[in-house]
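Commentary on secondary and tertiary structure
Residue-level listing of the chains:
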Amino acid sequence: MPEPERPEGPGGYDPVGPAPGEAMSPTGQGGGMDLALEEAESLEKAPGPDTGPREKARSLWSDAWHQLRRNPVFIVSSLMILFLVIIAIWPQLIAGGDPLHCDLSKSQQGSQPGHPFGYDTQGCDVYTRTVYGARASITVGVCATLGAALLGSVLGGLAGFFGGWGDSLLSRVADIFFGIPVILGGLVFLSVVTSTTVWPVVGFIVLLGWPQLARIARGSVITAKQNDYVQAARALGAGNARMMLRHVAPNAVAPVIVVATIALGTYIALEATLSFLGVGLRPPTVSWGIDISNAASQIRNAPHMLLYPAGALSLTVLAFIMLGDAVRDALDPKLR
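Residues numbered from 1 in each chain as written. Predicted model: local features only at pLDDT ≥ 70, side-chain atom pairs only at ≥ 80, totals over all residues. Heavy atoms only, no water.

1. Examining the overall build of the protein
A count of helices and strands for the protein gives twelve helices and zero strands. Sequence-ordered secondary structure for the protein, helices as α and strands as β, is α-α-α-α-α-α-α-α-α-α-α-α. By the burial criterion, 37% of the 336 residues in the protein qualify as buried. Accessible surface computed for the protein: about 19400 Å², of which carbon and sulfur atoms make up 64%. (Helix = DSSP H or I, 4+ residues; strand = E, 2+ residues; numbered from the N terminus. Buried < 20%, exposed > 50% of the residue type's maximum accessible area, 1.4 Å probe, protein only. Areas by Shrake-Rupley, 256 points an atom, 1.4 Å probe, with all protein chains shown as cover.)

In structure tokens:
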């Protein structure tokens with residue numbers, strides 16, 4: 001059946017509109033209709049606000065790094081720690097003497113050219129011993145932190161993920177270790193050790209330090225495994241190992257990192273305390289705690305013997321605590 005003819009107005013204007021399947025075309029006569037069509041075409045060709053490249057969503061770690069780079073506390077503490085690590089690895093860069101070379105004729109003498117910190121009771125250069133003392137303290141702090149964090153994270157993470165009798169057993173064992181006084185435990189444990197290396201002190205700190213990190217890891221894993229993406233992975237048939245490594249651990253490790261960073265400074269102070277009491281590091285190992293212990297009895301006659309190693313110890317502990325606070329602020333969105 002033929003289609004009925006449509007009436008046309010003057011100049012070819014179609015008062016009815018385009019037929020089905022036809023696109024509206026300009027009339028060629030100007031006017032409002034042609035202007036409206038030109039505007040519609042320009043809007044279609046113009047790029048919209050969503051057609052450009054979108055900014056990639058940042059993860060927790062990239063967002064934390066973005067915050068840390070703008071935190072002056074993090075920058076200052078990182079530079080201090082970097083300097084301490086460098087002189088711990090290569091102390092000869094800024095101290096050319098031998099920390100074990102002593103001259104009794106210079107005992108307790110003050111600052112002299114080439115020896116800005118003076119001499120101790122045995123006539124050893126205080127500056128050289130202060131620089132070389134960073135190696136033992138940094139080694140103990142880093143190794144003890146890594147050991148405690150690894151042991152505590154594994155045990156606490158497994159207990160929090162699986163629960164049951166293993167979780168209850170870990171909690172009771174951790175309570176036992178929490179009840180041991182740190183200084184008293186160190187006096188008892190290290191008094192029977194005859195080694196002059198740093199490893200007995202590292203082992204003792206790991207033995208008493210892992211329960212705190214295990215409890216942090218356990219609570220973080222319990223919180224992470226209740227999230228929707230973990231439940232979705234479980235519903236899709238993911239195994240326990242995959243869920244633990246791919247979904248739970250990356251989202252539960254942030255609190256452990258924060259606590260471990262702050263604990264590193266505490267472990268350095270604990271090593272110095274045990275060395276001061278005579279059960280930590282022992283000569284011929286060069287340590288700030290040993291130098292502080294030797295200078296304590298001469299604080300009135302030669303205060304410089306105590307001032308410099310104690311100041312180096314305080315600055316080191318302060319740097320790691322500041323770093324831990326900055327990392328905590330960056331990894332905890334609630335504090336922003």
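Alright, that's what it looks like, and here's the rest.
2. Topic: the side chain of D120
Mapping D120 onto the fold places it in the loop between α3 (72–89) and α4 (126–162). No salt bridge is formed by the buried D120, whose closest oppositely charged neighbour, R129, lies at an N-O distance of 4.2 Å. Within the local environment of D120, its side chain forms a polar contact with the backbone nitrogen of Q122, the two atoms lying 3.2 Å apart. Separated by 3.0 Å, the side chain of D120 and the backbone nitrogen of G123 make a polar contact. Not counting residues up to four positions away in its chain, the partners in contact with D120 are K106, S107, Q108, V126, R129 and M305. (Lys, Arg positive; Asp, Glu negative; His and termini not counted. Salt bridge = Lys/Arg side-chain N within 4 Å of Asp/Glu carboxyl O. Polar contact = N/O pair within 3.5 Å; in protein donor to acceptor, adjacent residues only side chain to side chain. Contact = heavy atoms within 4.5 Å.)

3. Quick look at the state of the cysteines
Within the structure shown, the criterion is met by one disulfide. Across the disulfide, C102 is cross-linked to C124 (sulfur-sulfur distance 1.6 Å). Sign of the S-S torsion, about 60° for the bond between C102 and C124, identifies this disulfide as right-handed. Taken together, the residues span a long stretch of sequence, with C102 in the loop between α3 and α4 and C124 in the loop between α3 and α4 at a distance of 22 residues. (Disulfide = S-S within 2.5 Å.)

4. Let's talk about the nonpolar core
Formed by 30 residues in total, the largest nonpolar core has its most connected members in I138, I268, L313, F320 and L331. Mapped by element, the contributors of at least two residues to this core are α2 (60–68), α3, α4, α10 (254–276), α11 (288–296) and α12 (304–331). At twelve residues, the largest contribution of residues to this core is made by α12. (Core = buried A, V, L, I, M, F, W, Y, C linked by side-chain atoms within 4.5 Å.)

5. Considering the side chain of E271
Tracing the sequence through the fold places E271 in helix α10. Although E271 lies buried, it forms no salt bridge, and the closest oppositely charged side chain, R282, sits 11 Å away as judged by the N-O distance. With sequence-adjacent residues up to four places away left out, E271 is seen in contact with S137, V140, V201, L281 and S287.

6. Description of the environment of L187
The topology assignment puts L187 in helix α6 (residues 182–190). For L187, a relative accessible area of 32% puts it in the partly exposed group. Sequence spacing of L187 and G280 is 93 residues, and the spatial spacing of their C-alpha atoms is 8.6 Å.

7. Some details on α10
The terminal C-alpha atoms of α10, which comprises 23 residues, lie 34 Å apart, in line with the 33 Å expected from a rise of 1.5 Å per residue. The sharpest bend along α10 comes to roughly 25°, located at L264. The first or second residue beyond α10 is G278, which carries a positive phi of 90°. (Expected span 1.5 Å × (residues − 1). Bend = angle between axes of the 7 residues up to and from the residue.)

8. Details of a nonpolar patch on the surface
Among the surface-exposed residues, I75, L79, L82, F83, V85, I86, I89, W90, L93 and I94 lie close enough to one another that they form a single nonpolar patch of about 910 Å² accessible area. Within the secondary structure layout, F83 lies in helix α3. (Patch = residues over 30% accessible without salt bridge, like charges linked within 9 Å, V, L, I, M, F, W, Y side chains within 5 Å.)

9. Details of the packing of aromatic side chains
In the structure shown here, the tally under the stated rule is six aromatic pairs. Aromatic side chains F177 and W210 sit 5.6 Å apart centroid to centroid with 65° between the ring planes, which places their arrangement in the edge-to-face category. One end of the pair, F177, is in helix α5 (residues 164–178); the other, W210, is in helix α7 (residues 199–224), and 33 residues separate them in sequence. Three or more aromatic residues joined by ring pairs make a cluster, and in this case those are F117, Y127 and Y308. (Phe/Tyr/Trp six-rings, centres within 6.5 Å; stacked < 30°, edge-to-face > 60°.)

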